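The lines below spell out each chain.
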Amino acid sequence: EKDVSVKNDLNLLVLTVASEKTDGYKRFIESANLNGLKTKVLGLDKPWKGGNMKSVGGGYKLNLYLNALEPYKNNDNLAVLLTDAYDVVLLANSSTILKKFTAFDAQIVISTERSCWPDKKLADHYPTVELDGYRFLNSGGVIGYASQLYKLLSEKPIKDLDDDQLHLTNLFLNTDVRKKLNIKLDNYASLFQNLYLSEDDVKMRLINKSYVLENTHFNSHPAILHGNGISKLSLNSYTNYIPNQWSPESGCSKCKDNTIDLSMLKNENYPIVLLSIFIDRATPFFDEFLEKIKNIDYPKSRLLLSFTTLVEYHKEKVDKFITEVGNQYNASFVFHKTPKENIHARHFVFSLCTSKSCDYLFYIENEVHLDNPQTLKILIENNKKIIAPMLTRPFKAWSNFWGALSKDGFYARSFDYMDIVNYNKTGIWNVPYIGSCYLMKGSILENKNTRPSYKEDNLDYDMAFSKSLREKQVFMYIDNQYNFGHLIDSETFDTTLKNPEVYQLLENRYDWELRYIHPDYIENFNPEKKPAEPCPDVFWFPIVTERFCQEFIEIMENFGQWSDGTNNDPRLDTGYEAVPTRDIHMKQVGLHKVWLKFLELFVSRLQEHVYLGYYSDGPPRSLMNFVVKYNPFGQASLRPHHDSSTYTINIALNSPGKDYQGGGCHFLRYKCKVTEMKVGWMLMHPGRLTHYHEGLEVTNGTRYIMISFVDP
Ligand SMILES: O=C(O)CCC(=O)C(=O)O
Ligand SMILES: [Fe+2]
């Protein structure tokens, strides 16, 4: 950039037009204030007369400008920047802007873009530009001396509904006017950056620890950034960082602005929140889901609890939940609906919120596990129209927001998506799509200009929802400043199975572990502690929960096809079993893969921990995995034998003394018996040579154990 000297007495005034205080408007004003720019807003809270801006229109804007310039029509010491507001942010202070303007040596400078719109035929009339500069005029940004701008806009009348861009284009292409008023175009984005079709030209760059916008094509730092046309979403993404919004050094600098403090409120003064819970698909770990709903930390007297079910599967538990805890809430509702009523049921809850004068609607789908009971309070305190807590599927990149949108409106990965998902960057992010769980202000539901809709074209309800908010220019935010919880993957959940959660280790490992892995499992690796060793080289570990054992037994009994305990076993390749038990193999109940994963994740590590130096080269191999059932009427004991394994695990699924009498495992060589089996605890012992063993007689009741012969 040229080194120019700006006239000492030259001042800058920003004029903009906005009929409503949209989120984009507020963002614009904040950016103007941040840069200390004197700004005047025209047409605020008055009807917009410029037509529907999806096509041509906007002449109204120029008429408002003309009117506002009238008092300054003889002023040569005032530069005026005319700019749109909703999709614009200002990135520089007045001295920078005036310097850039002065450098043009023009009376008026107009912003540019790559497309010639709305009349393509005019393209050839434009002066040619070098170096692939932006050739065509964009009316969203104009700067000039007040006197000259006044002249420009009074050159020819324009109707409110006529197109402002066409009007300015015609004026500019008129060479007499252009020369007379010394109008130049900002072909190289010195002042103005219009993003449409130029998204690849710009980058953010860290300078002095904060981000600046850089046009790498022209090596400039534009002062006014305009998300024209469909580039609005890129603008939203940039404005998560600029001006001065987020930096690696200080993180989110504005996240604590305009927040609410709930901690000072008495319970009875808390905002009224409608908790709208949508049970819209069969989803594993529903008991835990309900538990977390119950645990939301908020005065229950200020919560309206509403369940809408769209699937049969969870209805019973919902009813039970409401019966048990419903009366603790200000009010509670249950709506049992069919999938057909999906969209209607969702809109119905909006009207419920409005009719109950709710301050907020907190929407939660049943894939959402709010592990953090403070989530609702934190979201309210952010004071946004709509905000979602960031939730992810554990160990996966899947989340409840999109960072960018593809051309056809579907998911696209934004440059910062992984950083946000992994909490490398934390803050509150303006994004084009949120789902699964969000907090909305009741006020946006009351006003049809801001009320979201679940019905748009033929889109799925969730896509429609975000699209409607984008079109209504309501910014959607995602907060990842805290860990709020996680998402369940319900894609493979098979409700025809008995205790189907047991089958979900691969898809929902996080929740599976919480429900089924013994809380003391991790203590097995505590270097301060020695593992229990009830007999020589027989180790004993807590590994699964009682709930696991219970559900496992139920799966087996529900299946019911116990082998007959004879030597003939058609399930084996050989058809022969030398030391048969009455049992059910994992393969028979569809749990073979789950069980191998279980061995890999939880058992191998224990083996390596106690039998030092023996490692498996990959997931452990185990051909025989089965549940044994002993009782006095069927098989009561098992004669002495070796197992066909390198090591064997033997998990007690129920309790001696309580569920059965007798039983246990006797290691003959050591004259050592383990009879005080503990539910969820696992014995691990070598399979061959040294650990000749027998299953002791069950004299009463039924004993269940889970056995695997592992050959790592
Ligand atoms: O009853 C027991 O604990 C031992 C079972 C056993 O050794 C086996 O199934 O191979
Ligand atoms: Fe055995």
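Residues numbered from 1 in each chain as written. Chains lettered and ligands numbered in written order. Predicted model: local features only at pLDDT ≥ 70, side-chain atom pairs only at ≥ 80, totals over all residues.

The name an unreviewed UniProt entry gives the chain is Procollagen-lysine,2-oxoglutarate 5-dioxygenase 1 isoform X1, with Sipha flava as the organism.

Undergrad: So, the overall build of the chain: which residues are in play, and what are the values?
TA: Helices and strands together make up the secondary structure of the chain, namely 17 helices and 40 strands. A globule of 712 residues ought to have a C-alpha radius of gyration of about 27 Å, yet the chain, at 35 Å, is considerably larger. Projected onto the principal axes, the alpha-carbon positions of the chain cover approximately 110 × 55 × 50 Å. Long-range pairs, those at least 24 residues apart, make up 79% of the contacts in the chain between residues at least 6 apart in sequence. (Helix = DSSP H or I, 4+ residues; strand = E, 2+ residues; numbered from the N terminus. Rg over C-alpha atoms; globule rule 2.2 N^0.38 Å. Contact = placed C-beta atoms within 7 Å.)

Undergrad: So what's going on with the site of ligand 1? Residues and values would help.
TA: In the vicinity of ligand 1, the residues found are T581, V628, L638, D643, N650, C665, H693, G695, I705 and I707. Breaking the shell around ligand 1 down by element, the ones donating at least two residues are strand 38 (693–695) and strand 40 (703–711). Tallied by class, residues from the shell around ligand 1 come to five nonpolar, four polar and one charged. (Near = placed C-beta within 6 Å. Nonpolar A, V, L, I, M, F, W, Y, C, P; charged D, E, K, R; others polar.)

Undergrad: Describe the sheet that holds strand 29 (residues 538–542), and please don't skip the residues or the numbers.
TA: A sheet is described by the order of its strands in space; here seven strands give the open sequence 28-29-37-33-40-31-30, paired in antiparallel fashion. Two strands lie at the open edges of the sheet, namely strand 28 (532–535) and strand 30 (583–585), each paired on one side alone. If you compare each strand with its neighbour and ignore which way they point, the axes differ by 25° on average. Judged from the four bridges that link them, strand 29 and strand 37 (residues 681–686) form a sheet pairing that is antiparallel. For F539, the partnering residue across the bridge sits in strand 37 and is M684. Lying on the sheet, helix 17 (residues 592–610) is in contact with strand 29, strand 31 (621–630), strand 33 (647–652), strand 37 and strand 40; it crosses strand 31 at an angle near 100°. (Pairing = 2+ DSSP bridges. Axes fitted to C-alpha atoms, helices over the stretch in contact; angles between N-to-C directions.)

Undergrad: Break down the sheet that holds strand 4 (residues 88–90) for me, citing the residues and quoting the values.
TA: Reading across the sheet, the three strands line up as 4-11-8 and stay open at both edges, with mixed pairing between neighbours. The sheet terminates laterally at strand 4 and strand 8 (192–194), the two strands that pair on one side only. Recorded for the sheet is a direction-independent mean angle of 15° between the axes of neighbouring strands. In the sheet, strand 8 pairs with strand 11 (residues 224–226) via three bridges, with the strands oriented parallel. Paired with F192 across the bridge in strand 11 is I224.

Undergrad: Kindly report on the UniProt feature "domain: Fe2OG dioxygenase" (unreviewed entry) in the chain, identifying the contributing residues and their values.
TA: Taking the UniProt record as the reference, the feature "domain: Fe2OG dioxygenase" (unreviewed entry) is found at residues 619–712. Secondary structure within residues 619–712 divides into 0% helix and 54% strand; the distance between the first and last C-alpha atoms comes to 8 Å. (UniProt positions renumbered as here; feature names shortened; annotations may be inferred.)

Undergrad: Give a description of unusual backbone geometry that names residues and reports values.
TA: Following W117, the chain continues to P118 via a peptide bond in cis, the omega torsion being 5°. One can find P118 in the loop between strand 5 (108–113) and strand 6 (136–145). In this model, L689 sits at a positive phi of 70°, which is unusual for a non-glycine residue. Its location among the elements puts L689 in the loop between strand 37 and strand 38. Classification of L689 as exposed rests on a count of 8 C-beta atoms within 10 Å. (Buried ≥ 20, exposed ≤ 12 C-beta atoms within 10 Å, placed from the backbone.)

Undergrad: Pulling in residues and values, what's your account of the nonpolar core?
TA: One recurring pattern in soluble globular proteins: nonpolar side chains tend to sit buried together. L149 and F362 are the most contacted members of the largest nonpolar core, which totals 133 residues. Here F362 is in contact with V273, L274, L275, S276, L376 and L439, once residues within four sequence places are set aside. (Core = buried A, V, L, I, M, F, W, Y, C linked by C-beta atoms within 7 Å.)

Undergrad: Describe the pairing of strand 29, and please don't skip the residues or the numbers.
TA: Most of strand 29 sits out of view: four of its five residues are buried. The sheet contact formed by strand 28 and strand 29 spans two bridges and is antiparallel. Among the inter-strand pairings, C535 is bridged to a residue of strand 29, identified as V538. Hairpin connection, strand 28 to strand 29: the antiparallel pair is bridged by two residues, and D537 has positive phi, about 60°.

Undergrad: Got a sec to walk through helix 10 (residues 342–355)? Specific residues and values, please.
TA: Taking 1.5 Å per residue as the helical rise, helix 10 with its 14 residues ought to reach 20 Å, and the 20 Å between its terminal C-alpha atoms agrees with that figure. For helix 10, the complete set of buried residues consists of A345, R346, V349, F350, L352 and C353. For helix 10, the angular spread of the buried residues around the axis is 160°, confining them to a single face. More than 90 degrees from the buried face of helix 10, the exposed residues found are H344, S351 and S355. Contacts from the buried residues of helix 10 go to strand 14 (273–279), strand 15 (303–309), strand 16 (331–336), strand 17 (360–365), helix 13 (442–446) and helix 14 (461–471). Just downstream of helix 10, S357 is the residue with a positive phi angle, here 50°. (Expected span 1.5 Å × (residues − 1). Arc of directions from axis to C-beta.)

Undergrad: Can you tell me about the environment of K203, naming the residues and giving the values?
TA: Along the chain, K203 falls in strand 9 (residues 202–207). Separated by 232 residues in the primary sequence, K203 and G435 have C-alpha atoms spaced 28 Å apart. Beyond its immediate chain neighbours, meaning those up to four positions away, K203 contacts E214 and T216.

Undergrad: Lay out helix 3 (residues 94–103) in plain terms, naming residues and giving numbers.
TA: Taken together, the buried positions of helix 3 are occupied by S94, I97, L98, K100 and F101. Mapping the buried residues of helix 3 onto a view down its axis gives an arc of 160°, with all of them on the same face. Backbone geometry just after helix 3 places D105 at a positive phi near 55°.

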